[in-house]
Number of protein chains: 2
Amino acid sequence: MSAGSSDDKPNLRSIASLAGVSHMTVSRVLNDHPNIRPETREKVLRVVEELNYQRNSAARALATRKSRRIGVIVDRPVEIGPDSTLRAVEHAAREAGYSVSSVAASPDDDGVQPREAVAYLTAHGIDALCVIAPRASSVDVLRAITDGIPTLIVKADDDPNFLTASVDQRLGATLAVQHLIDLGHREIVHVAGPLDWLDARARERGWHAHLKKAGLHIPPAFVGDWSADSGYEFAVAFDELPPFTAIFAANDQMALGILHGFRDRGIRVPEDVSVVGFDDLPVSRHFLPTLTTVRQDFHALGTLAVEILVAVLEGDDPGKRSRIAPELIVRESTARPRSM
Amino acid sequence: MSAGSSDDKPNLRSIASLAGVSHMTVSRVLNDHPNIRPETREKVLRVVEELNYQRNSAARALATRKSRRIGVIVDRPVEIGPDSTLRAVEHAAREAGYSVSSVAASPDDDGVQPREAVAYLTAHGIDALCVIAPRASSVDVLRAITDGIPTLIVKADDDPNFLTASVDQRLGATLAVQHLIDLGHREIVHVAGPLDWLDARARERGWHAHLKKAGLHIPPAFVGDWSADSGYEFAVAFDELPPFTAIFAANDQMALGILHGFRDRGIRVPEDVSVVGFDDLPVSRHFLPTLTTVRQDFHALGTLAVEILVAVLEGDDPGKRSRIAPELIVRESTARPRSM
DNA sequence: CGCCGCGACGTTACCGGGAACATAGGCTCC
DNA sequence: GGAGCCTATGTTCCCGGTAACGTCGCGGCG
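Residue numbering note: each chain is counted from 1, following its sequence as written. For naming, the first written chain is A and the first written ligand is 1, with later ones following in the order written. Owing to the predicted nature of the model, reporting of local features is limited to residues with pLDDT of at least 70; listing and counting of side-chain atom pairs is limited to 80 or more, with chain, interface and lining totals taken over all residues. Think of the side-chain values as coming from all heavy atoms in the structure, minus any hydrogens and water.

Novice: Describe the sheet that holds strand E7 (residues 222-223) of chain B, with residues and values.
Specialist: Backbone-to-backbone hydrogen bonds pair the strands of a sheet. The strands run either parallel or antiparallel. Residues and elements named next belong to chain B. Spatial ordering of the open sheet is given by E7-E6-E8-E9, a layout of 4 strands whose pairing is parallel. The open sheet terminates on both sides in strands that have one partner only, identified here as E7 and strand E9 (274-276). Any two strands between which DSSP finds at least two bridges are classified as paired. To qualify as a helix, a DSSP run of H or I must reach at least 4 residues; to qualify as a strand, a run of E must reach at least 2; elements of each kind are numbered from the N terminus. As defined by bridge partners, strand E6 (residues 188-192) adjoins E7 across 2 bridges and the pair is classed as parallel. When the sheet's bridge partners are listed, Ala 192 is paired in E7 with Val 223. By the convention used here, residues are in contact when the closest approach between their heavy atoms is within 4.5 Å. To get an axis, fit a line to the C-alpha atoms, keeping to the stretch in contact for a helix; angles then go from 0 to 180 degrees between the N-to-C directions. Helix H8 (residues 169-183) rests against E6, strand E8 (246-249) and E9 of the sheet, and its axis sits at about 170° to E8. Here helix H9 (residues 198-213) sits on the sheet in contact with E6 and E8, set at roughly 170° to E6.

Structure follows, in structure tokens:
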């Protein structure tokens with residue numbers, strides 16, 4: 001009931017009057033301005049502590065015209081890679097004092113979806129935009145509508161219009177293919193993701209380029225849709241396919257579907273065919289057979305993305321970082337071909 | 001260069017002057033107030049359209065003292081269940097005109113983490129809080145610190161302090177156990193999740209209660225950590241375990257680890273032992289053998305959660321909804337026991 | 001015929017911060 | 001010893017909305 005304690009949420013002015021200073025002094029203390037006497041700072045901080053004061057982020061955003069918020073568009077939700085990256089972005093953003101608002105674009109729609117996602121995010125006020133796992137078509141749409149705010153796309157190729165960060169997809173594909181070549185495989189097919197996806201295309205290119213470099217035959221790539229189901233379909237059609245002894249699948253889900261399809265067809269992995277995946281899902285080490293795959297460090301990726309964006313937002317130089325290198329994890333699903 | 005067009009972002013006042021009305025009229029039009037002449041409305045909307053005006057959400061939040069934002073805490077990130085639920089919450093929130101800010105609590109820390117998560121979210125301004133896949137300890141912490149804002153916890157039991165929404169975990173466990181009983185199994189063990197997790201406990205209770213009801217022997221539950229690794233560890237210790245013919249695993253990951261461990265021990269599934277999982281991951285239908293499991297409708301769950309929260313925020317009655325019913329999906333990993 | 005009520009707006013005062021500028025002491029330096 | 005400057009702080013206004021209240025014209029009604 002005392003006059004000093006109000007039931008309302010404390011604000012700069014109430015802190016100020018309790019500390020016997022002006023609200024600007026409180027503001028300066030909270031923003032670490034120089035030229036504040038230590039005693040004054042202490043006095044203010046004590047009151048802040050006591051009232052458990054929290055800055056009103058809306059007022060702050062209004063006054064500074066900055067929301068300290070990063071919008072994220074996730075193109076392929078509920079899959080480990082993108083989700084892990086998102087989690088890492090959220091974490092890194094929080095560390096940097098930013099918050100994150102994310103929108104999952106559903107995989108069905110094409111083209112129109114990213115536009116809505118951007119509209120939604122900008123309507124809620126964001127300082128920067130981060131796009132995870134995009135399709136080429138999404139990038140085109142973004143090009144047209146993200147004028148003004150810094151935009152980073154998680155994709156392998158540099159882009160004059162956007163900031164980029166990525167795991168080196170082509171290197172990952174190279175590692176996978178080289179591993180198979182080292183084992184003695186000569187006919188190595190690729191089960192790709194939808195080639196509109198930039199990552200899918202980069203992996204396909206890496207596979208293609210490395211086969212070419214090794215002077216091996218380059219069969220046409222089979223295009224799946226990332227799902228285990230599409231891998232299964234590929235595998236059960238084995239009899240109708242040209243011969244091969246090894247498969248590089250563009251992700252672990254499709255690799256799993258392939259394992260399943262081969263079992264249903266009586267084809268043994270790795271005795272008859274070797275299989276390599278991509279991503280290293282936490283469960284991939286328990287597939288039967290356990291899956292040889294390419295591991296991506298999603299955490300490092302998300303962190304890198306935020307570092308770059310924050311650097312731009314704060315006016316620093318984002319610098320030239322190298323892409324993040326993936327790593328080959330060898331397990332049971334690959335072996336020397338029988339014919340050797 | 002005409003005076004009418006400014007480079008700055010349009011605001012209520014600039015719209016107003018172009019439309020020849022006061023800024024309050026524009027505000028009223030945008031907020032669908034009654035008592036606006038149709039012509040006036042049209043006139044305003046035309047200008048709004050033309051300038052592609054977007055409301056400043058920070059100013060709005062400041063004036064109304066409402067952010068139209070829901071904070072979400074995800075306790076177990078990068079696992080399909082929680083992530084799917086999060087996606088569904090984001091989607092439903094967007095439909096309802098709310099935005100979402102989420103924080104992933106890392107699984108290592110205990111207790112202190114939820115506190116930080118709440119602090120972070122409230123600092124950025126949220127109207128409501130939604131907690132996904134929590135541990136009992138998290139709930140205790142929340143009880144102490146979420147005074148004021150409506151909080152919904154995705155958990156099975158009603159709670160006097162919080163709103164709740166959930167898939168009926170005990171029913172799911174019952175379905176799994178009954179399926180095994182129907183096949184003729186009499187010794188059914190449970191590989192549980194960490195019992196501090198409410199969902200883990202609910203599944204364990206469901207298993208326990210249904211065995212009791214059926215008059216079957218109730219062996220001690222083995223407690224894993226949700227990971228496939230822990231399922232593997234359980235399975236390879238088979239020889240040291242009391243005999244059983246069926247396993248109900250608390251999630252699909254652990255079930256997968258069990259399949260892997262049994263293969264390494266030469267135990268066949270389902271010939272020697274039947275295995276049931278929980279969640280129905282998209283990949284579970286491709287495990288070898290394909291996994292019998294309990295499917296949860298995460299999308300419905302997330303939608304329900306947001307419906308309840310929004311109802312409370314808008315002053316409506318959230319009503320009494322039933323829990324969402326899970327569904328048993330029968331695949332290859334379960335069969336009649338050999339001894340029958 | 002004058003008063004009332006109401007529809008359709010306009011005016012003003014906030015919301016809670018921060019930028020820009022003002023001010024008041026203390027110190028240096030010639 | 002006063003001009004000039006730096007330090008520490010206060011004043012004022014503004015960000016872009018919304019709430020609350022004021023105003024004005026018009027129709028109904030006693």
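Novice: Go over the sheet that holds strand E3 (residues 128-132) of chain B with me, naming the residues and quoting the values.
Specialist: Residue and element names in this part refer to chain B. The strand order across the open sheet formed by 5 strands is E2-E1-E3-E4-E5, and the pairing between neighbours is parallel. Each edge of the open sheet is held by one strand with a lone partner, namely strand E2 (99-104) and strand E5 (163-165). Geometrically, the sheet is characterised by an average inter-axis angle of 20° between neighbouring strands, direction not taken into account. Lying over the sheet, helix H12 (residues 298-313) contacts strand E1 (69-74), E3, strand E4 (151-154) and E5, oriented at roughly 160° with respect to E5.

Novice: Could you give me a rundown of the protein's contact with DNA strand D, with the residues and numbers involved?
Specialist: Around DNA strand D, the structure places 29 residues, and the nearest of them are A:Thr25, A:Asn35, A:Thr40, B:Arg13 and B:Ser27. Any residue with a heavy atom positioned within 4 Å of a molecule or strand is treated as near that molecule or strand. If you look at DNA strand D and keep only atoms within 4 Å of the protein, 57% of those are sugar or phosphate atoms. We define a polar contact as two N or O atoms separated by no more than 3.5 Å, with the added condition that, inside protein, one atom must be a possible hydrogen donor and the other a possible acceptor, whereas residues neighbouring each other in sequence contribute only through side-chain atom pairs. One nitrogen or oxygen atom from the side chain of A:Arg28 is found 2.8 Å from a base nitrogen belonging to DNA strand D. Contacts to DNA strand D include B:Ser27, whose side-chain N or O atom sits 2.5 Å from a phosphate oxygen. Where the surface near DNA strand D is concerned, the elements lending two or more residues are helix H2 (23-30) and helix H4 (57-64) of chain A together with helix H1 (12-19), helix H2 (23-30) and helix H4 (57-64) of chain B. With 5 residues, the single largest contributor to the surface near DNA strand D is H4(B).

Novice: Pulling in residues and values, what's your account of the relation of the copies chain B and chain A?
Specialist: At an RMSD of 0.1 Å, chain B and chain A line up after a rotation of 180° and a shift of 0.1 Å along the axis. Classification of the inter-copy transformation places it as that of a two-fold axis. Relative to the rotation axis, the C-alpha of B:Ala58 is the closest in chain B, positioned 2.4 Å from it. Taken together, the interface assignments show that 100% of the residues at the interface of chain B recur at the interface of chain A, consistent with an identical surface on both copies. Least squares is the method for superposing the copies, and the C-alpha atoms it fits come from residues with pLDDT of at least 70 in both.

Novice: An account of the domain arrangement of chain A is requested, with residue identities and associated values reported.
Specialist: Residues and elements named next belong to chain A. All the domain ranges listed were derived from an automatic or database domain assignment. Its domain assignment divides chain A into domain 1 (12-55), domain 2 (66-166 + 298-323) and domain 3 (169-297). Look at where the C-alpha atoms of domain 2 and domain 3 centre, and you get two points 28 Å apart. In this assembly, 18 residues from domain 2 lie in contact with 15 residues from domain 3. In total, domain 2 and domain 3 occlude about 1400 Å² of area from one another, counting both sides; carbon and sulfur atoms represent 57% of this. Whenever a carboxyl oxygen of Asp or Glu lies within 4 Å of a side-chain nitrogen of Lys or Arg, that contact is scored as a salt bridge. For the pair domain 2 and domain 3, the interface holds 0 salt bridges. On inspection of domain 2 and its partner domain 3, the count reaches 8 residue pairs in polar contact (both at pLDDT 80 or more). Elements with a minimum of two residues in the side of domain 2 that touches domain 3: helix H7 (136-145) and helix H12 (298-313). Among the elements that make up the side of domain 2 that touches domain 3, the one with the highest residue count is H12 (4 residues). In this classification, Asp, Glu, Lys and Arg are treated as charged, Ala, Val, Leu, Ile, Met, Phe, Trp, Tyr, Cys and Pro as nonpolar, and every other residue, Gly included, as polar. Residue classes in the side of domain 2 that touches domain 3 are distributed as 9 nonpolar, 2 polar and 7 charged. Accessible area, probed at 1.4 Å, shrinks when two parts are joined; the buried area is that loss added up over both.

Novice: Tell me about the pattern of salt bridges, and please be specific about residues and values.
Specialist: Counted according to the given criterion, the structure contains 33 salt bridges over all chains. The closest approach of N and O atoms between B:Arg323 and B:Asp168, which form a salt bridge, is 3.9 Å. Here the residue B:Arg323 occupies a position in the loop between H12 and strand E11 (327-329), and B:Asp168 occupies one in the loop between E5 and H8, the gap between them amounting to 155 residues. Through salt bridges that share partners, A:Asp140, A:Arg143, A:Lys155 and A:Asp159 make up one connected network.

Novice: Now, about the environment of A:Leu62: what can you tell me, with residues and values included?
Specialist: Mapping A:Leu62 onto the fold places it in helix H4. In this structure, the C-alpha to C-alpha distance between A:Leu62 and A:Ile126, residues 64 residues apart in sequence, is 12 Å. Filtering out sequence-adjacent residues up to four positions away, A:Leu62 remains in contact with B:Asn56, B:Ala58, B:Ala59 and B:Leu62.

Novice: Give me the lowdown on helix H1 (residues 12-19) of chain A, citing residues and values where you can.
Specialist: All names here are of chain A. Within H1, burial applies to Leu 12, Ile 15, Ala 16 and Ala 19. An end-on view of H1 places all buried positions within 100° of arc, on one side of the element. Turned more than 90 degrees off the buried face of H1, the exposed positions are Arg 13 and Ser 17. Those residues of H1 hidden inside the fold are in contact with H2 and helix H3 (38-51). Classification of residues uses two cut-offs on accessible area relative to the type maximum, computed with a 1.4 Å probe and protein chains only: under 20% is buried, over 50% is exposed, and between them is partly exposed. Think of it as the arc spanned by the lines of direction from the helix axis to the C-beta atoms.

Novice: Got a sec to walk through the protein's contact with DNA strand C? Specific residues and values, please.
Specialist: Lining the immediate environment of DNA strand C, one finds 29 residues, of which A:Arg13, A:Ser27, B:Met24, B:Thr25 and B:Arg28 sit closest. Within the side chain of A:Arg13, one N or O atom sits 2.4 Å away from a base nitrogen of DNA strand C. Contacts to DNA strand C include B:Arg37, whose backbone N or O atom sits 2.7 Å from a phosphate oxygen. Within the residue set of the surface near DNA strand C, elements represented by two or more residues are H1, H2 and H4 of chain A together with H2 and H4 of chain B. Counting residues per element, the surface near DNA strand C draws most heavily on H4(A), which supplies 5 residues. Looking at the surface near DNA strand C, its residues break down into 11 nonpolar, 12 polar and 6 charged.

Novice: Before we move on, could you go through the side chain of B:Ser230 and cite the residues and values that matter?
Specialist: Residues and elements named next belong to chain B. When you line up the elements, Ser 230 lands in helix H10 (residues 228-236). With relative accessibility at 8%, the residue Ser 230 sits in the buried group. In this view, Ser 230 contacts Phe 222, Gly 224, Asp 225 and Met 254; residues no more than four positions away in its chain are not counted.

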